[in-house]
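Chain by chain, the residues run as shown.
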Amino acid sequence: MHKPIIIAIDDEPQVLNAVARDLQAQYQNEYQIMRATSGKEALEAVQELKRRNLAIALFLVDQRMPTMTGIEFLAEAAKLYPETKKVLLTAYADTDVAINSINSINLDYYLMKPWDPPEERLYPVLDDLLSDWIYTVPIPYGGIRVVGTLWSAKSHHVKDFLARSQVPYQWLDFEKNEEAKKLLELESGKEVRLPTLFFPDGSTLVDPDLSTLAEKVGMSTRAQKPYYDLIVVGAGPAGLTAAVYGASEGLKTLVIERDAAGGQAGTSARIENFIGFPQGISGADLTRRAITQAKRLGAEILTAQEVCSLRVDGPYRYVSLKDGTELSCKALLLSTGVTVRELDVPGIDQLIGVSVYYGAAISEAAHYKGKKVYVIGGANSAGQGAMFLSRFASEVVLVYRDKSLEKSMSTYLIDQIKQTDNISTLANTEFTAIEGTEKLETIRLKNKESGVSVSEQADAVFIFIGAVPSTEITGDLIQKDEDNFICTGPDLFLGGSRPKNWALKRDPFILETNVPGIFAAGDVRHGAIRRVASAVGQGAVAVELIHKYLETV
Ligand SMILES: Cc1cc2nc3c(=O)[nH]c(=O)nc-3n(C[C@H](O)[C@H](O)[C@H](O)COP(=O)(O)OP(=O)(O)OC[C@H]3O[C@@H](n4cnc5c(N)ncnc54)[C@H](O)[C@@H]3O)c2cc1C
């Protein structure tokens with residue numbers, strides 16, 4: 001951890017050297033001693049330290065300096081570091097000025113020059129001030145700080161990515177936090193651009209795209225090689241499992257993920273039915289373990305890097321990435337899963353990411369402490385979302401279209417919901433409109449049987465209403481069903497005959513698409529059983545089939 005800082009400021013080199021020497025002798029184990037030869041130079045250093053969120057324990061500054069006096073410096077520095085102890089070095093003639101500034105700038109002490117011997121005239125004073133500072137001022141957060149507003153989709157996007165990538169950060173709400181305002185002023189003067197991210201090395205990113213952010217926090221976004229044995233598109237449970245098996249079985253394996261790794265499972269607050277975790281496991285934890293395992297076994301994982309298209313040339317399969325690069329491989333696995341179906345209700349578009357969220361939006365839940373939120377949907381993901389949100393919100397209302405939850409939700413979840421006091425349910429109900437301009441105010445709900453519509457006050461809505469497959473990248477190359485899910489193995493035998501252009505003597509393997517060497521696993525497949533365990537199972541089986549395929553090319 002970085003040591004707190006003491007800054008000594010004096011324009012006379014001899015005096016500055018003497019102060020710095022005495023400070024080093026007594027405090028260098030616990031504090032970093034910095035020096036400056038003018039108020040201006042010191043102020044620049046203070047601004048940089050603020051950007052990096054480092055703690056300054058004490059300013060020790062000479063009153064008589066040419067362009068900026070000690071008191072003028074302290075007044076400016078205190079705007080950024082109000083709690084830092086302020087000590088003025090004075091000559092006898094400055095005593096009155098020093099005494100007046102005890103009130104005007106909260107001066108903590110003034111020391112007459114010279115201060116020899118320091119053991120008697122310097123250290124006792126500073127020891128007292130420093131111990132007071134240590135016990136009263138919290139050590140600043142040493143990681144990434146995100147300044148944004150709760151009512152901003154861009155801020156939500158950045159927070160969600162960091163949270164899902166398990167990168168710790170501190171959230172500073174620009175509308176509520178004075179520290180956030182000061183930081184932004186330091187960065188951009190009067191122009192406010194959100195979200196702005198402050199990093200411990202003093203650098204900043206303003207409204208970054210995910211790939212820039214991923215690179216900045218040290219995640220891989222570019223492939224190390226142009227060619228792999230196996231490329232896996234999508235790092236949900238299916239893709240990550242394929243990475244573990246592929247890499248452990250000697251295939252040069254690359255996984256490409258457009259967002260944070262983990263897929264839908266990564267957004268789940270608690271997966272209770274995955275074998276081996278009797279207490280359940282959060283999607284974030286499962287993802288972290290899978291990534292570590294895949295990397296340890298030698299797989300390469302790119303995040304915030306999207307595959308945009310596929311092509312085939314002889315035995316090679318190619319993927320084009322959003323940044324323009326093209327990578328090739330012998331075998332390709334599509335494990336791109338599904339995304340939540342979007343709701344088409346009036347008023348929704350401008351509030352997405354701003355109090356209306358698709359999925360559990362784990363990074364946002366804590367902001368709804370004590371508030372009333374609605375969860376839309378009747379399947380397991382909605383049930384889990386409601387359970388998770390009930391830990392924060394004072395009231396959670398689960399709205400679903402069917403008469404009962406029994407058909408669509410697991411019994412264990414229905415039981416949990418019944419036993420949770422702050423969750424209520426509204427059956428037979430459709431969510432029909434949203435009202436609110438900058439943030440959500442009310443939602444409209446319609447009873448399907450009676451046809452009666454009501455407006456209800458709501459602080460946030462979390463939507464879980466089914467899924468659409470992520471298969472845009474497959475174009476006409478890959479055969480899909482009428483809902484755009486990928487057909488594999490036996491599903492390809494339309495009317496009993498093999499897929500068009502299938503030139504091999506053998507039939508497609510069970511997870512192989514209509515293009516030899518391109519496989520699909522997990523939720524993206526036609527007829528998939530949408531469970532973590534099925535995706536994991538298929539990820540493993542796909543690698544076995546890929547080995548078989550590779551034996552033939
Ligand atoms: C909130 C929630 C809770 C759930 N809880 C449970 C549970 O408790 N138990 C259970 O068994 N199942 C649960 N499920 C279902 C389970 O999570 C899914 O069945 C599983 O995640 C499917 O895995 P997958 O790897 O096939 O696809 P996904 O998890 O959908 O992952 C696909 C990945 O591919 C990426 N991708 C898509 N297109 C591209 C592209 N062009 N380029 C790069 N990357 C791309 C996506 O960003 C995504 O990360 C839950 C689902 C949700 C949404």
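Residues numbered from 1 in each chain as written. Predicted model: local features only at pLDDT ≥ 70, side-chain atom pairs only at ≥ 80, totals over all residues. Heavy atoms only, no water.

### Re the overall build of the protein
Then, number 1: Counting its regular elements, the protein contains 15 helices and 26 strands.
Then, number 2: Reported as C-alpha extents along the three principal axes, the dimensions of the protein are approximately 105 × 65 × 45 Å.
Then, number 3: Out of the 553 residues in the protein, the part that is buried amounts to 51%.
Then, number 4: For the protein, the computed accessible surface area is about 25600 Å², with 50% contributed by carbon and sulfur atoms.
Then, number 5: Within the protein, one finds 58 positive and 71 negative side-chain charges whose respective centroids are separated by 6 Å. (Helix = DSSP H or I, 4+ residues; strand = E, 2+ residues; numbered from the N terminus. Buried < 20%, exposed > 50% of the residue type's maximum accessible area, 1.4 Å probe, protein only. Areas by Shrake-Rupley, 256 points an atom, 1.4 Å probe, with all protein chains shown as cover. Lys, Arg positive; Asp, Glu negative; His and termini not counted. Charge placed at Lys NZ, Arg CZ, Asp CG, Glu CD.)

### Re the site of the ligand
Then, number 1: Near the ligand there are 33 residues, and of these Glu 257, Gln 264, Gln 384, Asp 523 and Val 532 occur at the shortest range.
Then, number 2: In this structure, Thr 336 approaches the ligand through a main-chain N or O atom, which is 3.5 Å from an oxygen atom.
Then, number 3: For the ligand, whose accessible area on its own is 1000 Å², the fraction buried by protein is 94%.
Then, number 4: Every element with two or more residues in the shell around the ligand is listed here: α10 (237-248), α13 (380-389) and α15 (532-551).
Then, number 5: For the shell around the ligand, the per-class residue count stands at twelve nonpolar, 15 polar and six charged. (Near = heavy atom within 4 Å. Polar contact = N/O pair within 3.5 Å; in protein donor to acceptor, adjacent residues only side chain to side chain. Nonpolar A, V, L, I, M, F, W, Y, C, P; charged D, E, K, R; others polar.)

### Here we look at the nonpolar core
The nonpolar side chains of soluble globular proteins are, as a tendency, buried together.
Then, number 1: Of all hydrophobic cores here, the largest spans 29 residues; its most connected members are Leu 230, Leu 333, Phe 519 and Ile 546.
Then, number 2: Where this core is concerned, the elements lending two or more residues are β10 (227-233), α10, α11 (283-296), β15 (326-334) and α15.
Then, number 3: Other than its neighbours up to four places away in sequence, Leu 230 contacts Ala 242, Gly 246, Leu 251, Lys 252, Thr 253, Leu 254, Cys 329, Ala 331, Leu 332, Leu 333, Val 543 and Ile 546. (Core = buried A, V, L, I, M, F, W, Y, C linked by side-chain atoms within 4.5 Å. Contact = heavy atoms within 4.5 Å.)

### A closer look at the packing of aromatic side chains
Then, number 1: Applying the stated rule across the entire model yields ten aromatic pairs.
Then, number 2: Ring geometry for Tyr 27 and Tyr 31: centres 6.2 Å apart, planes at 85°, overall edge-to-face.
Then, number 3: Taking the centre distance of 5.1 Å and the plane angle of 25° together, the rings of Tyr 357 and Phe 462 count as stacked. Here Tyr 357, found in strand β17 (residues 356-358), pairs with Phe 462, found in strand β24 (residues 460-463); they are 105 residues apart in sequence, far enough to count as distant. Take Tyr 357 and Phe 462: they sit in the same class, and that class is buried.
Then, number 4: Taken together through their ring pairs, the aromatic side chains of Tyr 27, Tyr 31 and Tyr 123 make up a single cluster.
Then, number 5: Over the ring of Trp 171 we find Lys 159, and its NZ or CZ is 3.8 Å from the ring centre.
Then, number 6: The positively charged end of Arg 311 is found above the aromatic ring belonging to Tyr 318, 4.0 Å away from the centroid. (Phe/Tyr/Trp six-rings, centres within 6.5 Å; stacked < 30°, edge-to-face > 60°. Lys NZ or Arg CZ within 6 Å of the ring centre and 35° of its normal.)

### Observations concerning the side chain of Gln 479
Then, number 1: Of note, Gln 479 is situated in the loop between β25 (467-469) and β26 (518-520).
Then, number 2: Gln 479 gets classed as buried once you look at its relative accessible area, which sits at 17%.
Then, number 3: Gln 479 has contacts with Phe 485, Ile 486, Cys 487, Asp 491, Leu 492, Leu 494, Pro 499 and Asn 514, leaving out every residue within four places of it along the chain.

### Considerations on the pairing of β10
Then, number 1: Burial analysis of β10 places six of its seven residues in the buried class, the great majority of the element.
Then, number 2: Across six bridges, the pairing between β10 and β15 is parallel. Across the sheet, the residue bridging to Leu 230 is Ala 331, located in β15.
Then, number 3: By the bridge criterion, four bridges tie β10 to strand β11 (residues 253-256) in an arrangement that is parallel. Counted as the bridge partner of Val 233 is Ile 256 from β11.
Then, number 4: Considered for its hand, the β-α-β crossover made up of β10, α10 and β11 is right-handed. (Pairing = 2+ DSSP bridges. Right-handed = clockwise from strand over helix to strand, strands pointing away.)

### Observations regarding the packing of α10 against α11
Then, number 1: Interhelical geometry of α10 versus α11 gives an angle of 25° and a closest axis separation of 9 Å. Compared by their axis directions, α10 and α11 come out roughly parallel. For the element pair α10 and α11, the recorded crossing hand is left-handed. Counting all contacts with α10, which are made through Leu 240, Ala 243, Val 244 and Ala 247, the residues of α11 involved are Thr 287, Ala 290, Ile 291, Gln 293 and Ala 294. (Axes fitted to C-alpha atoms, helices over the stretch in contact; angles between N-to-C directions. Parallel < 35°, antiparallel > 145°, perpendicular 65-115°, else oblique. Left-handed = near helix turned anticlockwise from the far one by under 90°.)

### Description of the pairing of strand β1 (residues 5-9)
Then, number 1: Counting buried positions along β1 gives five out of five residues, so the element sits mostly inside the fold.
Then, number 2: Burial along β1 is two-sided: Ile 5, Ile 7 and Ile 9 facing one way and Ile 6 and Ala 8 facing the other are all buried.
Then, number 3: Looking at chain direction, β1 and strand β3 (residues 56-62) are connected through five bridges and run parallel. If you follow Ile 7 over to β3, its bridge partner there is Phe 59.
Then, number 4: Relative to strand β2 (residues 32-36), β1 is paired through five bridges, and the arrangement is parallel. Within β2, the position partnered with Ile 7 by the bridge is Met 34.
Then, number 5: A crossover links β1 with its parallel partner β2, the connecting element being helix α1 (residues 13-27), and its sense is right-handed.

### Comments concerning the packing of α10 against α15
Then, number 1: Across the interface, α10 lies against α15 with an axial gap of 7 Å and an inter-helix angle of 35°. Between α10 and α15 the crossing geometry is right-handed. Residues Pro 237, Ala 238, Thr 241, Ala 242, Tyr 245 and Gly 246 of α10 form the contact with α15, whose participating residues are Val 532, Ala 535, Val 536, Gly 539, Ala 540 and Val 543.
Then, number 2: Among the residues making up the contact of α10 with α15, the classes are represented as nine nonpolar, three polar and no charged.

### Regarding α15
Then, number 1: A rise of 1.5 Å per residue sets the reference length of α15, with its 20 residues, at 28 Å; its end C-alpha atoms lie 29 Å apart and thus fit the reference within 8%.
Then, number 2: Tucked into the core, α15 has its buried residues touching β10, α10, α11, β14 (316-321), β15 and β26. (Expected span 1.5 Å × (residues − 1).)

### Here we look at the sheet that holds strand β22 (residues 442-447)
Then, number 1: As summarised here, the arrangement of the three strands in space is β21-β22-β23, forming an open sheet in which the pairing is antiparallel. Strand pairing shows two members of the sheet lacking a second neighbour, β21 (429-435) and β23 (453-457), which therefore form its edges. Neighbouring strand axes in the sheet, compared pairwise and without regard to direction, differ in orientation by 30° on average.
Then, number 2: Across five bridges, the pairing between β22 and β23 is antiparallel. Within β23, the residue paired with Lys 446 across the bridge is Ser 453.

### Quick word on unusual backbone geometry
Then, number 1: Residue Pro 114 follows Lys 113 across a cis peptide bond; omega there is -15°.
Then, number 2: Mapping Pro 114 onto the fold places it in the loop between β5 (109-112) and α5 (118-121).
Then, number 3: Geometrically, the link from Asp 116 to Pro 117 is a cis peptide bond, its omega value of -15° lying close to zero.
Then, number 4: Mapped onto the secondary structure, Pro 117 falls in the loop between β5 and α5.
Then, number 5: Backbone geometry places Gln 166, a non-glycine residue, at a positive phi of 55°.
Then, number 6: Mapped onto the fold, Gln 166 is located in the loop between α7 (153-164) and β7 (169-173).
Then, number 7: Note on Gln 166: relative accessible area 31%, which makes it partly exposed.
Then, number 8: Positive phi, close to 60°, is recorded for Asn 428, a residue that is not glycine.
Then, number 9: If you trace the backbone, Asn 428 turns up in the loop between β20 (423-426) and β21.

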